[in-house]
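Remarks on the overall topology
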Amino acid sequence: MAHAHTVLHSINHDGDTICVDVFRRPNGTFGFEEFRRDPEDGRGWFAIGHYGHKTFSSVEAALDATIAHVGWFDASRLTPGA
């Protein structure tokens, strides 16, 4: 079954092999997950942070948690107004 999350922000780390997605769930809560992909492995992105189960009441709270838990994440990369 595919995820029904709506990704609000997807920020790549330098090199485009690691990223964080901040998303909204169908029930209106928010979350985030850190992913990795290996270019030589065609299977695509896979979760490495295991944060996706954490639940937040706002996108701002999810972003604050992302900043606190993902050392490389730089909120200045977010597109203003997105």
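Report follows, based on the coordinates. The structure displayed is predicted, hence computed values, not measured ones.

Observations regarding the pairing of strand 3 (residues 30–36)
- For strand 3, the buried fraction is high: five of the seven residues fall into the buried class.
- Across seven bridges, the pairing between strand 2 (residues 18–24) and strand 3 is antiparallel. What sits directly across from Cys19, in strand 3, is Phe35.
- Two elements, strand 3 and strand 4 (residues 46–47), share two bridges in a ladder whose sense is antiparallel. Bridging from a neighbouring strand, Arg36 pairs with Phe46 of strand 4.

Calculation criteria
- Residues numbered from 1 in each chain as written.
- Predicted model: local features only at pLDDT ≥ 70, side-chain atom pairs only at ≥ 80, totals over all residues.
- Heavy atoms only, no water.
- Buried < 20%, exposed > 50% of the residue type's maximum accessible area, 1.4 Å probe, protein only.
- Helix = DSSP H or I, 4+ residues; strand = E, 2+ residues; numbered from the N terminus.
- Pairing = 2+ DSSP bridges.

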